[in-house]
Amino acid sequence: MSTAWEGDEPRSTGWTRREWAKLALAAGAASSVLAMGGTVAGQLLPPPAKFQGELRQEIYYTKWPRPTWWDDRQGRPILATDFQEWQGASGVWRGLFVNERWVPGTGLAVLVIRVKYDAPEFQVSTDLVPPRGFSFYHDDPGQRIRIVVFADRCTHLCCPPGWHVITDTVPDRAYRIPPPTYSVYGQDPIFCICHGSQYDPLLLTTNVHPRNGVPYLGATHVHGPTQRALPIVPVRVDGEVLVGGMPDPRWYDYC
Ligand code: FES
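Residues numbered from 1 in each chain as written. Predicted model: local features only at pLDDT ≥ 70, side-chain atom pairs only at ≥ 80, totals over all residues.

### Comments concerning the environment of Gln 84
Link 1 in the chain: If you trace the backbone, Gln 84 turns up in the loop between strand E1 (54–61) and strand E2 (88–98).
Link 2 in the chain: The spatial distance from the C-alpha of Gln 84 to the C-alpha of Arg 114 is 7.0 Å, given a sequence separation of 30 residues. (Helix = DSSP H or I, 4+ residues; strand = E, 2+ residues; numbered from the N terminus.)

### A word on the nonpolar core
Link 1 in the chain: Ranked by internal contacts, the top residues of the largest apolar core, which has 53 residues, are Val 110, Val 112, Val 149 and Phe 150.
Link 2 in the chain: Other than its neighbours up to four places away in sequence, Val 112 contacts Ile 59, Ile 78, Gly 88, Ala 89, Gly 91, Ile 147, Val 149 and Leu 242. (Core = buried A, V, L, I, M, F, W, Y, C linked by C-beta atoms within 7 Å. Buried ≥ 20, exposed ≤ 12 C-beta atoms within 10 Å, placed from the backbone. Contact = placed C-beta atoms within 7 Å.)

### Brief notes about unusual backbone geometry
For residues other than glycine, phi is negative in most cases, and the peptide bonds are mostly trans.
Link 1 in the chain: For the peptide bond that leads from Gly 224 to Pro 225, omega is 15°, which places it in the cis range.
Link 2 in the chain: By secondary structure assignment, the location of Pro 225 is in the loop between strand E10 (215–223) and strand E11 (230–231).
Link 3 in the chain: Even without being glycine, Cys 158 reaches a positive phi, approximately 80°.
Link 4 in the chain: We note that His 164 has phi near 60°; this positive angle belongs to a residue other than glycine.

### What about the pairing of strand E12 (residues 235–238)?
Link 1 in the chain: With 4 bridges connecting them, E12 and strand E13 (residues 241–244) associate as antiparallel partners. What sits directly across from Arg 236, in E13, is Val 243.
Link 2 in the chain: From the end of E12 to the start of E13, which pair antiparallel, there are 2 residues, and Gly 239 there has a positive phi angle of about 60°. (Pairing = 2+ DSSP bridges.)

### Some details on the pairing of E2
Link 1 in the chain: Among the 11 residues in E2, 9 count as buried, and that is most of the element.
Link 2 in the chain: Pairing of E1 with E2, which is carried by 6 bridges, proceeds in the antiparallel orientation. Residue pairing in the sheet places Tyr 61 in a bridge with Gly 91 of E2.
Link 3 in the chain: Pairing of E2 with strand E3 (residues 101–102) involves 2 bridges; the strand directions are antiparallel. Note on E3: the bridge partner recorded for Val 98 is Arg 101.

### Digging into the environment of Gln 143
Link 1 in the chain: Mapping Gln 143 onto the fold places it in the loop between strand E6 (138–140) and strand E7 (145–151).
Link 2 in the chain: You can call Gln 143 exposed: it has 10 C-beta atoms within 10 Å.
Link 3 in the chain: Sequence spacing of Gln 143 and Tyr 117 is 26 residues, and the spatial spacing of their C-alpha atoms is 9.2 Å.

Here it is as structure tokens:
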């Protein structure tokens, strides 16, 4: 079965929640092992019997099941300068590349979002530190660009949340806390259509993984049914290309 990251043909009709949920199950099963690759191999998983190609730390555009502004960029590296304010895209981090081509279904699906650079509401509540050479978000003061990258697996049941790609369903506004992304800037938070969870990319907070007890940094959940934040991916920029840095692979051990 093809997934959201394998180049489905765009569909003109709306997807039901059941379809999104099925998509998430298939994608999670396909990517859960290869996503963490060598980094996890010695900690959580046995090493692959045979491993060819390379796991790339750069983040590449992937395709969303519906038409999007980045459709013609699929397979290209994502640049920090690609986005207008409040624009975002889906991508893959730590994807397996063979002969310079990404192997669909490998890597960790991510959401890359450019938030407002000087938003006073932006909060990072954590004692955690990013991996050496990386930051929890990318700031370019000269161009006033701020980019935040998130693992694109809902912490409820692993559907792929979207950023401004669901156009036929309005997110429920009965928020558990006011999300500044919406209440101040009128932008929908990160939205998982499967069961309605939402996360605010301006509010980064520390939560604890329910299964392994590991604290992680993520976008605060502002609407259930999820009970926890959406993990971020630490980043740096290498020649404008966004590169992810592994904090602790257990942050992403959900699906
Ligand atoms: S999987 Fe996202 S809300 Fe349920």
